[in-house]
Amino acid sequence: MRRNPYHFDSGGPGSGLFKSTDGGDTWTDISHAPGMPRGVEGRIGVTVSPANPERVWALVEAADGGVFRSDNAGRTWTKVNEQNILRQRAWYYDHIFADPQNADTVYALNTGMYRSIDGGRTFAAIRTPHGDNHDLWIAPDNPQRMIESNDGGANITYDGGRTWSSINNQPTAQFYRVALDNDFPYNIYGAQQDNSTVRTASRTAGGGITDHEWYDVGGGESGWIAPDPRDSQIVYAGSYDGLLTRQDHRTGQSRDINAWPDNTMGYGAEAMKYRFQWSYPIAFSPHDPKTLYIGANVLLKTTNEGQSWDVISPDLTRNDKSKMGTSGGPITQDNTSIEYYCTIFTFMESPVTKGVIWTGSDDGLVNVTRDGGKNWTNVTPKDMPEWIQINSIDASAHDAGTAYVAATMYKSDDFRPYLYKTTDYGQTWKKIVNGIPAGSFTRVVREDPNHKGLLFAGTEFGLYISYDAGENWKPFNLNIPVTPITDVAFHKRDQELVVATQGRAFYVLDDVPLLYQLNDSVSTEEAHLFQPKSTYRFGGGGRGGGGGGRGGASGVGENPAGGAVINYWLKGRPQGEVTLEFLDSAGKMVNKFSSRAPVVPQGPPPEEEDFRMPPPARVNAAAGMNRFVWNLRYPDATSFPGMILWAGSLTGPRVPPGTYTIRLTVDGKTQSQTFEVKKDPRLATTPEEYTKQVTLALQVRDKLSDTNEGVIRIREVRKQLDEYARRDDKRVADAAKALSAKLTAVEEELYQTKNRASEDPLNFPIKLNNKLAHVLGLVEGSDNQPTQQSYMVYEDLATRVNGQLKALDALMTSDLTAFNKLIHDSNAPAIQAPAKKQ
């Protein structure tokens, strides 16, 4: 197999089948043993039967190829099968595997999976979860147990292939490029190798990003994707052989709008009017949302959604006819457009100046126009290797004359990184690879549109970052596995970075502004509080740590943190307490968190899950970088052990949009930063309506806390009364029982004490605290001002609660005082009434 950027040969001189009987020290060519095909041979798959080592199968690419079997260890052969389904596209497949226990059973992998139980003479298909099958492991002690890999992932069977495990639990998508839209939340787009294109949400209001947020947007496995800037429900997506579709998700209509709809499958690049690469570029103009560009050997554009196309450039490639022939080799031709050469591989219009467009070709040319395509200039870097693939161009968002180029030469066995920068429209270039290892070839480079000079580069082995416009690079993989980075995109509005990988799906860095603040002086400070990124009041948020996450399920994408992310540096572990305080724009305390372990109220274990709220999130106080996520909520309502509620909430209200202050105190020293909580831009809720919501929600929460604290006070006093109720002194015992009964009567109005299980409220009517908790949930359930009836119900409940609490206060004063006088006369210690919380 010999492959270069524009052609490959499967088969030719040197191809064959060889055998060694001394551990590989010497080899014998058995390619032309009796029975083997004559003439040129290509790829050969071979397997030896563990059940009978004399039996060998070979799946041979040749003009007279097929499945050949030897029963004497390769001395002679018999052609037993010549089905083309087993040997089509032989360079890509031609896999054959022997059953470890049955000498007559053998498997062949191709687009499908096939099994023979008669020594290879006939094969029957085995259905697998995905096509394009490439490898197989069969358990030596149990052939029913197999692992099969394909272009969708890996599958396991325990019943010989009748059923398989899923491939949908593996984040193994191979994305060529990544595109973003400006929806809120924004969506991420990419084409998956040997799978569909995909649009997925960058975040959801739920516990994770599930397949309900994913769908195909047209095009095919290899293409670029361009959502319409005016309407993201309309998406343009490409694929090989020049396919381009316009899909309207609302109607499900997908229209082919190829620039030249002549199907050239099976031909070489020479047969195409416009030469389109396997993964040709597609992008909208940043200045005119009606203008869509695509790159062939020329640059084309449409302003009428693909109804017609205009060529706006000459051929911007080397146009070398010797590199435009059919591909595959002397036996089997294979023209998928991957080896179509002399094409525009990438382009980008300057976000700064309309009409400044840069192109890069897969044969090593960089061109630029400054007048929308009327005139073009070849500005290829002089020290760049000829025939290199210009994999990406990034036109600076800060200066029209500045651009960055990432190029790859690995297809010619050169694995070095190639990154270049120009600041004068390509008149001069500087190579910028310092810090990137020699073997990490580069696919992409991007500059942060919000921060000049901050660059990211995607390489074969991960991500790199530069703070000085490419002069120096450092690894920046963080939690990304070691994997090829194929593309990088910044979301300017949300200040996030999205990374496409080859085999590990998408990753999102959701706090790029933190990088702007990192410098060497931070590590010398005893403590440093970073400026938090603005956050959205989005979804329901979460408790305790801010929500986010993937909801505990496999195959679910991870949401960003559901709140304000606070980053701070501690040089060493502090001696004392570390606190984080959140204040509103008036300087009033909203919530406070500490590094000290919270006090957890004790109580009997519930029979079922109750409403015992988890303690507040604890502030980390470790040396180095620390992270805290505030869920944008006021403190929760008071709870008590064993509480069971029906359709009610104790969770503290969310703060309204506005400016907030975070105050970090470490060992008595305080520093602060401000940040903004933004409203969901999709909503029409006004500041006045948010204020009404939080005002009522806090009133309900406080009254709910008063109610629950009343229950706590009652239980504390009654616990003491129970001791006196067991006394021999009848007067004291009877008085204790009487007072306890009065307290219980109040408690039973405040809380349904008969509840012992989660669905007991269906049998025992809920009481005042549950009704208040229900109103709190309703008021907080959406981003709207409260309904008029919510106010009315709250006032009714508050009046009833106040009446019960007034009765409780009377019991805690006059009745308890009288009881204490009685026991004082009996020389017994008085009952201590718990203090009311202020």
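So, how was this worked out
Residues numbered from 1 in each chain as written. Predicted model: local features only at pLDDT ≥ 70, side-chain atom pairs only at ≥ 80, totals over all residues. Heavy atoms only, no water. Pairing = 2+ DSSP bridges. Helix = DSSP H or I, 4+ residues; strand = E, 2+ residues; numbered from the N terminus. Axes fitted to C-alpha atoms, helices over the stretch in contact; angles between N-to-C directions. Buried < 20%, exposed > 50% of the residue type's maximum accessible area, 1.4 Å probe, protein only. Polar contact = N/O pair within 3.5 Å; in protein donor to acceptor, adjacent residues only side chain to side chain. Contact = heavy atoms within 4.5 Å. Phe/Tyr/Trp six-rings, centres within 6.5 Å; stacked < 30°, edge-to-face > 60°. Lys NZ or Arg CZ within 6 Å of the ring centre and 35° of its normal. Expected span 1.5 Å × (residues − 1). Core = buried A, V, L, I, M, F, W, Y, C linked by side-chain atoms within 4.5 Å. pLDDT = per-residue confidence, 0-100. 1 Å grid on protein atoms, 1.4 Å probe; cavity = no way out; pocket = protein on both sides within 12 Å on 5 of 7 lines; lining within 4 Å. Points joined across faces, edges and corners; volume = space filled by probe spheres on them. Nonpolar A, V, L, I, M, F, W, Y, C, P; charged D, E, K, R; others polar. Parallel < 35°, antiparallel > 145°, perpendicular 65-115°, else oblique.

Observations concerning the sheet that holds strand β20 (residues 231-238)
- Spatial ordering of the open sheet is given by β19-β20-β21-β22, a layout of 4 strands whose pairing is antiparallel. The open sheet has two edge strands with one neighbour each: β19 (225-228) and β22 (253-256). The average angle at which neighbouring strand axes cross in this sheet is 20 degrees, direction not considered.
- Relative to strand β21 (residues 244-248), β20 runs antiparallel, the two sharing 5 bridges. In the sheet register, Gly 238 faces β21, and the bridge partner there is Leu 244.

Concerning the side chain of Asn 150
- Examined against the element boundaries, Asn 150 turns out to sit in strand β14 (residues 146-150).
- For Asn 150, a relative accessible area of 9% corresponds to the buried category.
- At 2.7 Å, the side chain of Asn 150 forms a polar contact with the backbone nitrogen of Gly 152.
- Setting aside anything within four residues of it in sequence, one finds Asn 150 in contact with His 130, Gly 131, Asp 132, Asn 133, His 134 and Asn 155.

Re the sheet that holds strand β26 (residues 310-311)
- Taken together, 4 strands build an open sheet; the order of strands is β23-β24-β25-β26 and the sheet is antiparallel. Both edges of this open sheet fall to β23 (282-284) and β26, since each of them pairs with a single strand only.
- When β23 meets strand β24 (residues 292-295), the two strands line up antiparallel, connected through 3 bridges. Looking at β24, one finds that Ile 282 is bridged to Ile 294.

Concerning the pairing of strand β48 (residues 658-666)
- Bridge count for strand β45 (residues 578-583) against β48 is 6 bridges, and the pairing is antiparallel. Opposite Leu 580, over in β48, you have Leu 664 as the bridge partner.
- Looking at chain direction, β48 and strand β49 (residues 669-679) are connected through 9 bridges and run antiparallel. Bridge pairing in β49 places Ile 662 opposite Gln 673.
- Connecting β48 to the next strand, β49, in antiparallel fashion are 2 residues, including Asp 667 with a positive phi near 50 degrees.

Regarding the packing of aromatic side chains
- Considering all chains together, one arrives at 27 aromatic pairs under this definition.
- Within the aromatic cluster, the residues linked to one another by ring pairs are Phe 582, Phe 593, Phe 628, Trp 630, Tyr 660 and Phe 675.
- When the ring centre of Trp 387 is taken as reference, the NZ or CZ atom of Lys 323 above it lies at 4.2 Å.
- Stacked on the ring of Tyr 425, the Lys or Arg Arg 370 has its end atom at 3.5 Å from the ring centre.

Examining unusual backbone geometry
- Of the consecutive residues Phe 184 and Pro 185, the connecting peptide bond is found in the cis state with omega at -15 degrees.
- Among the structural elements, Pro 185 can be located in the loop between β16 (179-180) and β17 (187-191).
- Even without being a glycine, Arg 89 presents a positive backbone phi close to 45 degrees.
- Looking at Arg 89, the relative accessible area reads 26%, which means it is partly exposed.
- Phi is positive for Leu 478, close to 50 degrees, though the residue is something other than glycine.
- Relative to the assigned elements, Leu 478 resides in the loop between β38 (474-475) and β39 (485-491).

Quick look at helix α3 (residues 730-750)
- With 21 residues, α3 extends 30 Å from end C-alpha to end C-alpha; this agrees with the ideal 30 Å at 1.5 Å per step.
- Contacts made by the buried residues of α3 are with α2 (687-725), α4 (768-780) and α5 (788-825).
- One side-chain oxygen of the residue at the start of α3 lies 3.1 Å from the amide nitrogen of Arg 731, identifying that residue as Asp 729.

Some words on α4
- The terminal C-alpha atoms of α4 lie 18 Å apart, and with 13 residues this matches the ideal 18 Å at 1.5 Å per residue to within 8%.
- Among all positions in α4, only Leu 768, Asn 769, Asn 770, Leu 772, Ala 773, Val 775, Leu 776, Val 779 and Glu 780 are buried.

Considering the environment of His 32
- Along the chain, the position of His 32 falls in the loop between β4 (28-29) and β5 (41-48).
- Along the chain, His 32 and Arg 75 lie 43 residues apart, while their C-alpha atoms are 9.7 Å from each other.
- In this structure, His 32 is in contact with Pro 37, Arg 38, Gly 39 and Glu 41, ignoring residues within four places of it in sequence.

With respect to the nonpolar core
- Core analysis: the largest hydrophobic core is formed by 43 residues, its most contacted members being Leu 721, Tyr 724, Leu 743 and Phe 819.
- Sorting the residues of this core by element identifies α2, α3, α4 and α5 as the ones contributing at least two each.
- The element contributing the most residues to this core is α5, with 12 residues.
- Discounting residues that sit within four places of it in the chain, Tyr 724 has contacts with Val 732, Ala 733, Ala 736, Phe 819, Ile 823, Ala 828, Pro 829, Ala 830 and Ile 831.

Let's talk about the confidence of the model for the chain
- Mean pLDDT over the chain works out to 93, with 96% of the residues at or above the 70 mark.
- Across residues 541-547, confidence stays below pLDDT 50; counting only partners more than four residues off in sequence or on other chains, it has 22 contacts.

Topic: empty space enclosed by the protein
- Evaluation of the coordinates by the stated rule reveals 4 cavities of 30 Å³ or more.
- The space that makes up the largest cavity amounts to roughly 60 Å³.
- The residue inventory of the lining of the largest cavity, partitioned by class, reads 4 nonpolar, 2 polar and 3 charged.

Re the packing of α3 against α5
- α5 packs onto α3 with a crossing angle of 170 degrees between their chain directions and a minimal axis gap of 11 Å. The pairing of α3 with α5 is recorded here as roughly antiparallel in orientation. Two secondary-structure elements touch here, α3 through Arg 731, Val 732, Ala 735, Ala 736, Leu 739, Lys 742, Leu 743, Val 746, Glu 749 and Leu 750 and α5 through Gln 804, Leu 805, Ala 807, Leu 808, Leu 811, Met 812, Asp 815, Leu 816, Phe 819, Leu 822 and Ile 823.
- When the residues that make up the contact of α3 with α5 are grouped by side-chain class, the tally is 16 nonpolar, 1 polar and 4 charged.

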